[in-house]
Amino acid sequence: MQDPVQANANQMLMQILQQQQQLMAQLTHNITEFVYDPEQGCTFDSWYARYEDLFDKDAEKLDDAAKVRLLMRKLNPPAYERFTSFILPKLSKELTFSETVAKLRTIFGSPVSVFPRRYLCLQTTKDDADDLVSYSCKVNKACVDFKLRDLSEEQFKCLIFVCGLKSPRDSDIRMRLINKLNETEDISLEKVVEDCKTLLNLKQDNSLVEKQQSLSAVNAVHKERPPKPYNKQGGGGTVNNNHPKTPCWSCGGMHFSADCPFREHQCRECKKKGHKEGYCACFSSVNNSGSSKKKKKKYGGKNKDVKIVSVKNISQQRKFSEIEINKIAVRLQIDSASDITIISDECWRQIGQPQGTTPSCNAKSATGGSIDLAREFWCDVNIGGKSKRCLCRVASPNLDLNILGSDWLELFGLWDVPISSFCNKVTNRQPRTDDFLQAQFPKVFSSEMGLCTKTKVRLTLKGDPKPVYRAKRPVAYSVQGAVEDELQRLQTLGILQPVDHSDWAAPIVVVRKPNGRVRICADFSTGLNDVLESNQCPLPLPEDIFTKMAGCKVFSHIDLSDSYLQVEVDPRDQPLLTVNTHKGLFRYTRLTSGI
């Protein structure tokens, strides 16, 4: 027979366990799930601040392990997975409640340090869309994030000092001082100034060493070689110690033509003697008796001319000019040594792939190599506000050439103006591509309403709900005209259809856009939203998104006009999407942002 004392103790223990279970269930119901979203300000500190009294007061009867279990239940799956991976090889049940809270604050804290919060607080201004109450809330939150109580007078002076260093020349000093503000509490304006002076002295010492090294390198490069004996008559003459000012026309070497080793060499290209392969044009121009000026043939002649083109000159002093070809902005490298202007196949596609003909000339590089031309076409060119009809050549797809040659420079009279007036030096800035994209994909940039053809929206109701009909809401007389115009526009586009009656009806909400127009939204929170089944769609973590973007170089964003209205609704669900306006009942055929 069981001992009465033991039975009574077991009964009391069961009552305590039942009370704890009831308390756990009640607390679990009262606490919302924690979702880490630092961009929206959802950190563990902000979430735990709401329930700290609940854990301290209401859950004081729970032991430490029960509090840990309760806290683990309220972490959403991604947060729980991240926490358990962080504390490995330990398990969550091996930590105390205070240790668990400390770990969660470390893992799910704010990624922004105190300095940017204080800097943004000093930049707080009222937006046009904010009323005075919302602006006061913004100021209040910014001042709380500022942590004014933790800031001494000297720290505030240092903060103002750093915020005023906006010049790019002070980037090193600014970065070092920001790091000191975040890590050091014992700081003063005097110490900050001393640190700045020290850093400036270090930069001067470093530049002195670099300057000394560069001088040594320059001396090594320009070290003079012993003069080469040169007998102008081939023997018995005097020695000339002078060096040639220009390269040899026959081979490109730095010596006089009389010393050229290719004087008796026969070229395999033109079969002439006295020069190296690739220097046929230069050698012919020097040995040509009479005028050295070439007579250029007109475009479209029967015989193809040979044009000399400088291929991809990459010197430090190269210059570019942004011009328009067929009203599309392109960027060409200025090369006055090139006889013709050539664009790449990619550039030709960007300007709309204009029709062309077979090239009327052959192109060779300055070294004599052949350059394949795919086509030539006439186009409208605008340089510096002046428009001309020009002949343009397109290189083969395997060549990346975008050269503004001497033919266009002469046609536009650019020889007589400073080159800086129509060109810009090369920078890290990439050319604008929006004009190219608009020319390639005109339908994407069209102002017409789009339509998603991949799917239709299907609304699923919970059970068999009763229809909810809500009366219209009054619209201010000052915006009635704009609302009626917007209703007419949506009706013209087929997004709204007027109906005589409906079992379902929701009022509209009019929102004014920054551009002065209005957006009409349906307020389906009046009844329809409560009876709709929610679509469960898991959202990826920011870490997962950044991992997939590793190694990417080109990023873009898209802003669809009336994006919700580009998705079609299943016709069987249209009676549910009826709105009540001062102009009558309308039914949506596209998805509205009110859902």
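Because the structure is predicted, anything quoted here is derived from the model rather than measured. (Residues numbered from 1 in each chain as written. Predicted model: local features only at pLDDT ≥ 70, side-chain atom pairs only at ≥ 80, totals over all residues. Heavy atoms only, no water.)

Student: What exactly am I supposed to notice about the pairing of strand β8 (residues 386-395) here?
Tutor: Pairing of strand β4 (residues 342-343) with β8 involves 2 bridges; the strand directions are parallel. Considered in β8, the bridge of Ile 343 is made with Val 394. Note: strand β7 (residues 373-383) against β8, 10 bridges, orientation antiparallel. Bridging from a neighbouring strand, Arg 375 pairs with Val 394 of β8. Hairpin remark: β7 followed by β8, antiparallel, with 2 residues in the connecting loop; positive phi at Gly 384, about 60 degrees. (Pairing = 2+ DSSP bridges. Helix = DSSP H or I, 4+ residues; strand = E, 2+ residues; numbered from the N terminus.)

Student: Looking at this model, I keep getting lost on helix α6 (residues 114-122). Mind explaining?
Tutor: Three or four residues apart is the spacing at which side chains of an α-helix point the same way, because the helix has 3.6 residues per turn. For α6, the full list of buried residues reads Val 114, Phe 115, Arg 118 and Cys 121. The arc that holds the buried residues of α6, viewed along the axis, is 125 degrees, so those residues lie on one side. (Buried < 20%, exposed > 50% of the residue type's maximum accessible area, 1.4 Å probe, protein only. Arc of directions from axis to C-beta.)

Student: I tried to follow the sheet that holds strand β12 (residues 496-499) on my own but got confused; where do I start?
Tutor: What holds strands together in a sheet is hydrogen bonding between their backbones, with the strands either parallel or antiparallel. Across the sheet, which stays open at both edges, the 5 strands sit in the order β12-β17-β16-β13-β14 with mixed pairing between neighbours. Two strands in the sheet have a free side with no partner beyond their single neighbour: β12 and β14 (518-522). Adjacent strand axes in the sheet meet at a mean angle of 40 degrees when their direction is disregarded. Two strands pair when backbone bridges link them, and strand β13 (residues 506-512) and strand β16 (residues 578-581) are joined in this way by 2 bridges, in the parallel orientation. Bridge pairing links Pro 507 to Asn 580 in β16. Along the sheet, helix α15 (residues 480-492) makes contact with β12, β13, β14, β16 and β17 (584-588), crossing β14 at roughly 70 degrees. (Axes fitted to C-alpha atoms, helices over the stretch in contact; angles between N-to-C directions. Contact = heavy atoms within 4.5 Å.)

Student: What should I look at first to understand the pattern of salt bridges in this one?
Tutor: Oppositely charged side chains are able to pair whenever their charged atoms sit close together. By the definition in use, this model includes 16 salt bridges. One salt bridge connects Asp 127 with Lys 138, and the closest N-O pair in it is separated by 3.4 Å. On the criterion of sequence distance, the pair formed by Asp 127 in the loop between α6 and α7 (132-146) and Lys 138 in helix α7 is long-range, its members being 11 residues apart. Since its relative accessible area comes to 32%, Lys 138 is described here as partly exposed. (Salt bridge = Lys/Arg side-chain N within 4 Å of Asp/Glu carboxyl O.)

Student: Looking at this structure, how should I read the nonpolar core?
Tutor: Proteins that are soluble and globular tend to have nonpolar side chains buried together. Counting residues in hydrophobic clusters, the biggest one holds 26 residues, and the most contacted among them are Phe 524, Leu 528, Leu 577, Val 579 and Tyr 588. Counting only elements with at least two residues in this core, the list comes to α15, β13, β14 and β17. Considering each element in turn, this core owes the most residues, 3 residues, to α15. Aside from chain neighbours lying at most four places away, what touches Leu 528 is Leu 461, Trp 504, Leu 576 and Leu 577. (Core = buried A, V, L, I, M, F, W, Y, C linked by side-chain atoms within 4.5 Å.)

Student: Can you help me understand the pairing of strand β2 (residues 319-325) in this one?
Tutor: The two faces of the sheet receive side chains in turn, since in a regular strand these alternate between them. Of the strand pairs in this sheet, β2 and strand β3 (residues 328-334) are connected by 6 bridges, and their pairing is antiparallel. Note that in β3 the partner of Glu 324 across the bridge is Ala 329. Here β2 runs beside β7; their pairing, made up of 2 bridges, is antiparallel. Residue pairing in the sheet places Glu 324 in a bridge with Asn 382 of β7.

So, to be careful, I would describe these as geometric facts and stop short of saying anything about function.
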